[in-house]
Amino acid sequence: TMAAPGGGEGGSAGRRLPPHSSPGLVLQTVEMHTGGEPLRIIPRLEAAEEAVAAGGLSLLSLRREVAATQDHVRRALMHEPRGHAGMYGAVVVRGGAAAAGADLAALFLHGAGYSAMCGHAVLALGRFALDYGLVAAPSCPETAVRLHCPCGPVTAFVPWDGHHSGNPVRFHSVPAFAAATDLAIDVPGHGKVVVDIGYGGTFYAFLSAEQLGLDVCSSKTRDLVNAASVVTEAVKKQFKLHHPESEDLAFLYGTILTDGKDAFSEEPTTNICVFADEQVDRSPTGSGVTARIALQYHKGLIQLNQTRTFRSSTTGSLFTGKAETKFGDYNAVVVEVSGEAFYTGTATFTIEEEDPLKYGFFFK
């Protein structure tokens, strides 16, 4: 058996796993996945905490600040050789303005930058917050964990037995809405297609893969990714997004290709989410489920409190979603998304100063 890091039988120093000391940057992470989509959690990033303490920044401002001054951390942990093309992460921010009235705040990281919302991460962070002791008085059999995301406050509901968190976890979204329905878009190589645009903490374009001559269940992932990416670029050029609260949120995060089964059914509906820079979500996508439910509700295809099951075309993992309550006069709904998040380990990453690839590399 391998000796435990930092010790080993008889505590013999020679048996410890290297590196024995690292003068460079050391980053400790908790590793999780939700429905197959990874989440690399950074429990503490001192620079982010200092920025919050100094400036009382909003989370959207902190997101800009971290992107400007700490982007090497994102690149080191998301990109190869420590990460991979599908890697996803979260920086936990405690205390100060960032988490005012919440148990924790989170910044979301991916291969190309920083997202405003991430459902699979919220499900995992709900468990992490309980197990890491971030919730003052957890209750059995379920604890509400309040998170601040850049898009706004969300609440996760996590099973708790007094010692450990469990599954399934559910969360209530920020108000979700249909931004556009039946929008005709010219897509290079595919001609005119019809898309819906929904907001679930971030904006996505939705269309059936069939419109692009593909099948979300049987086509090659590469073909689905290429087609979805072309749609994303076309929508960005041809449709101007607005968000009622902040123009910082008014960007198209990606395209979700579906099996076209939008009408309510007990059967799962399958989709694949391609976001950021051609990154593929391994899970059914929490913010995508949120936006898709909002669209289905807007079109009268589902009623409040009708639960639908969503399947990822890449891993077969399942989330459920339902429109819980109406919100305001904007025909918005608060959506409940449920899924399972699991721990996969912990890691200590070191960055040696003289390593020419110390902050990672990324290629397609």
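Model, not experiment: these values are computed from the prediction.

What counts and how
- Residues numbered from 1 in each chain as written.
- Predicted model: local features only at pLDDT ≥ 70, side-chain atom pairs only at ≥ 80, totals over all residues.
- Heavy atoms only, no water.
- Salt bridge = Lys/Arg side-chain N within 4 Å of Asp/Glu carboxyl O.
- Helix = DSSP H or I, 4+ residues; strand = E, 2+ residues; numbered from the N terminus.
- Buried < 20%, exposed > 50% of the residue type's maximum accessible area, 1.4 Å probe, protein only.
- Core = buried A, V, L, I, M, F, W, Y, C linked by side-chain atoms within 4.5 Å.
- Domains from an automatic or database assignment.
- Contact = heavy atoms within 4.5 Å.

Draft legend 1. Structural context of the pattern of salt bridges. By the definition in use, this model includes 18 salt bridges. Among the ionic pairs, Arg 94 bridges to Glu 49, the shortest N-O distance being 3.9 Å. Here the residue Arg 94 occupies a position in the loop between strand 3 (88-93) and strand 4 (104-110), and Glu 49 occupies one in helix 1 (residues 46-55), the gap between them amounting to 45 residues. The class for Arg 94 is partly exposed, based on a relative accessible area of 28%. Among the ionic pairs, Arg 292 bridges to Asp 262, the shortest N-O distance being 3.0 Å. With Arg 292 in helix 6 (residues 286-298) and Asp 262 in the loop between strand 12 (252-258) and strand 13 (269-275), the pair connects residues that are 30 residues apart, well separated along the chain. What makes Arg 292 buried here is its relative accessible area of 2%. What makes Asp 262 partly exposed here is its relative accessible area of 22%.

Draft legend 2. Structural detail: the nonpolar core. Membership of the largest hydrophobic core comes to 89 residues, with the highest contact counts inside it found for Leu 39, Phe 108, Val 122, Leu 125, Val 145, Val 195 and Ile 197. Broken down by element, the residue count for this core peaks at 8 residues, all from helix 4 (residues 119-131). When we break this core down by domain, the ones giving at least three residues each are domain 1 (25-168 + 344-349) and domain 2 (174-339). In this structure, Leu 39 is in contact with Val 30, Glu 31, Met 32, His 33, Tyr 88, Gly 89, Ala 90, His 120, Ala 121, Ala 124 and Leu 125, ignoring residues within four places of it in sequence. Counting 23 residues, the second largest nonpolar core, distinct from the first, contains Ala 51, Val 52, Ala 76 and Val 91.

Keep in mind these values describe shape, not function.
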